[in-house]
Amino acid sequence: MKTTLGRRTRVLAAITATAGLVLVAGCSSDGDGGGGTKTAAGGVELVKAGQLTTCTHLPYPPFQSEIDGKVQGFDVSLIDLVADDLGVKQAIVDQPFENFKTGGSLNAGQCDLAAAGMTITDERKKNVDFSDPYFEATQAVLAGKKSGISSFADLKGKKVGAQAQTTGEDYAKSKGLNPVSFESSDAVLNGLRTGQVQAVVIDYPVVQGWLKTKANADAFQVAEQVNTGEQYGVTVKKGNDKLREAINKALADAKADGTYKKLYEQWIGPYDESAASPAAS
């Protein structure tokens, strides 16, 4: 009963803007972050005392982006639940996606985990350990309403954009396209707005966030959603089983007590149970 009440108490905090979240530079950690022990609840070892350090790549709304001077989003709120269970606060390290996709940041002690709307793949599993999947994603083709593009097949011969180092870019290449690579999701959208590309291929939840803005909804439309079987997971350093288990427990508890549903509706949109509860891979 005590666990249930504690979770209910933090639901309200989790579904509002993340308070006091720290954004720090993407550099190696030294010392113990100001004294104290690096061992959190459950015997989880942290790279800095008193904080759960998360590597991510900004911006990637609705999963993580800076809003009103604070890093907020679906992933941020979920990892806040993990930090709460461990009795610490979350701190965010913003760095290139490649740095933590390959496990480099985790191995170098720059962060405890990485949460960045990251698709679980066999290739990535060689370098990092994934949590249970927490979100099922599809790719979307976004194009101008007057572009004449109404499906993925229409992209042949067109100038297409994608975010670098992502599965959207990989998928486009696997289908014979030669996408223009952009460093961030914001740059992808700007490329479409300015006519650098005629369409983009990117995760559908990101497109959902874009289309909440009237100007974007008036100009662009989803030509097609492509189900690529992608599932998102949180990564930890190879062999860091205690932290991985803590993440899995926080995710399972959030789904069981309704916190996950509230966060999903806040950050992504109408609750889609099939997307929210993917089978473990």
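Rules and cut-offs
- Residues numbered from 1 in each chain as written.
- Predicted model: local features only at pLDDT ≥ 70, side-chain atom pairs only at ≥ 80, totals over all residues.
- Heavy atoms only, no water.
- Axes fitted to C-alpha atoms, helices over the stretch in contact; angles between N-to-C directions.
- Helix = DSSP H or I, 4+ residues; strand = E, 2+ residues; numbered from the N terminus.
- Parallel < 35°, antiparallel > 145°, perpendicular 65-115°, else oblique.
- Left-handed = near helix turned anticlockwise from the far one by under 90°.
- Contact = heavy atoms within 4.5 Å.
- Nonpolar A, V, L, I, M, F, W, Y, C, P; charged D, E, K, R; others polar.
- Salt bridge = Lys/Arg side-chain N within 4 Å of Asp/Glu carboxyl O.
- Buried < 20%, exposed > 50% of the residue type's maximum accessible area, 1.4 Å probe, protein only.
- pLDDT = per-residue confidence, 0-100.
- Phe/Tyr/Trp six-rings, centres within 6.5 Å; stacked < 30°, edge-to-face > 60°.
- Lys NZ or Arg CZ within 6 Å of the ring centre and 35° of its normal.
- Lys, Arg positive; Asp, Glu negative; His and termini not counted.
- Polar contact = N/O pair within 3.5 Å; in protein donor to acceptor, adjacent residues only side chain to side chain.
- Pairing = 2+ DSSP bridges.

Chemist: I tried to follow the packing of helix H2 (residues 74–86) against helix H11 (residues 259–267) on my own but got confused; where do I start?
Modeler: In a packed pair of helices, the relevant descriptors are the angle between the two axes and the axis-to-axis distance. Here H2 crosses H11 at 155°, and the two axes come no closer than 9 Å. When the axes of H2 and H11 are compared, the pair comes out roughly antiparallel. H11 is crossed by H2, and the crossing has right-handed handedness. Counting all contacts with H2, which are made through Phe74, Ser77, Leu78 and Leu81, the residues of H11 involved are Thr259, Tyr260, Leu263, Tyr264 and Trp267. Looking at the contact of H2 with H11, its residues break down into 7 nonpolar, 2 polar and no charged.

Chemist: Can you help me understand the pattern of salt bridges in this one?
Modeler: Opposite charge on two side chains makes pairing possible when the charged atoms of those side chains draw close. In this structure the tally under the stated criterion is 7 salt bridges. We note a salt bridge from Asp218 to Lys214, for which the minimum N-O separation is 2.7 Å. On the criterion of helical spacing, the pair formed by Asp218 and Lys214 is a turn pair, its members being 4 residues apart in helix H9 (residues 214–219). Classification of Asp218 by relative accessible area gives partly exposed; the value is 45%. Here Lys214 falls in the exposed class, since its relative accessible area comes to 61%. Salt-bridge contacts for Asp253 lead to Lys249; the nearest nitrogen and oxygen are separated by 2.8 Å. Linking Asp253 with Lys249, this pair stays in helix H10 (residues 241–257), spanning 4 residues, or about one helical turn. Taking the relative accessible area as the measure of exposure, Lys249 reaches 46% and is therefore partly exposed.

Chemist: Would you mind going over the confidence of the model for the protein with me for this structure?
Modeler: Detailed reading of the predicted model is not advised wherever pLDDT is low. Here the protein averages 86 in pLDDT, while 84% of its residues score no lower than 70. Segment residues 1–22: pLDDT under 50, and 36 contacts once partners within four positions in sequence are set aside and those in other chains are kept. A low-confidence stretch, residues 24–34 stays under pLDDT 50, and its non-local contacts, those more than four residues away or across chains, total 20 contacts.

Chemist: Looking at this structure, I do not really get the packing of aromatic side chains. What am I missing?
Modeler: Any aromatic ring pair is given by two values, namely how distant the centres are and how the planes are angled relative to each other. One pass over the structure, following the stated rule, counts 15 aromatic pairs. Relative to Tyr171, the ring of Phe152 lies with its centre 5.3 Å away and its plane at 70°, an arrangement referred to as edge-to-face. Here Phe152 is found in the loop between strand E8 (135–144) and strand E9 (160–163), whereas its partner Tyr171 is found in helix H6 (residues 167–174), with 19 residues between them in sequence. Here the aromatic residues Tyr60, Phe63, Phe74, Tyr134, Phe135, Tyr232, Tyr260, Tyr264 and Tyr271 are joined through ring pairs into a cluster of three or more. Seen from the ring of Tyr260, Lys255 lies directly overhead, with NZ or CZ sitting 5.2 Å from the centre.

Chemist: Hey, could you run me through the environment of Asn178 in this one?
Modeler: Note that Asn178 resides in the loop between H6 and strand E10 (180–182). On the basis of relative accessibility, which here comes to 71%, the residue Asn178 falls in the exposed class. Sequence separation of Asn178 and Lys158 is 20 residues, and the distance between their C-alpha atoms is 9.3 Å.

Chemist: Please clarify how the side chain of Glu230 should be interpreted in this entry.
Modeler: Within the fold, Glu230 resides in strand E12 (residues 220–232). Buried and unpaired, Glu230 has no salt bridge, with Arg124 as the nearest side chain of opposite charge at 6.8 Å. Among the polar contacts listed, one links the side chain of Glu230 to the side chain of Thr228, at a separation of 2.7 Å. Residues in contact with Glu230, not counting those within four places in the same chain, are Thr119, Phe135, Glu136, Ala137, Gln139, Thr167 and Asp203.

Chemist: Hey, could you run me through the packing of H2 against H10 in this one?
Modeler: Where H2 meets H10, the closest approach of the two axes is 9 Å, and the angle between their N-to-C directions is 115°. Here H2 lies roughly perpendicular to H10, going by the angle between them. The two elements H2 and H10 meet at a crossing, and its hand is right-handed. Within the contact between the two elements, H2 uses Leu78, Leu81, Val82, Asp85 and Leu86 and H10 uses Leu243, Ala246, Ile247, Ala250, Leu251 and Ala254. Of the residues in the contact of H2 with H10, the class split is 10 nonpolar, no polar and 1 charged.

Chemist: Whenever I open this one, the pairing of strand E11 (residues 199–203) confuses me. Can you help?
Modeler: Of all 5 residues making up E11, 5 are buried, and the element is well covered by its neighbours. Where E8 and E11 come together, 5 bridges link them in antiparallel fashion. Bridge assignment links Ala140 to a residue of E11, and that residue is Ile202.

Chemist: Even after reading the chapter, I still don't get unusual backbone geometry, so can you show me in this structure?
Modeler: Across the chain, the bulk of peptide bonds are trans and the bulk of non-glycine residues have phi less than zero. The peptide bond linking Leu58 to Pro59 adopts the cis configuration, its omega dihedral lying at -10°. Within the secondary structure, Pro59 sits in the loop between strand E2 (51–56) and strand E3 (65–67). Look at the link from Pro61 to Pro62: it is a cis peptide, with omega at 5°. On the secondary structure map, Pro62 appears in the loop between E2 and E3. For Asp68, which is not a glycine, the phi torsion comes out positive at approximately 55°.

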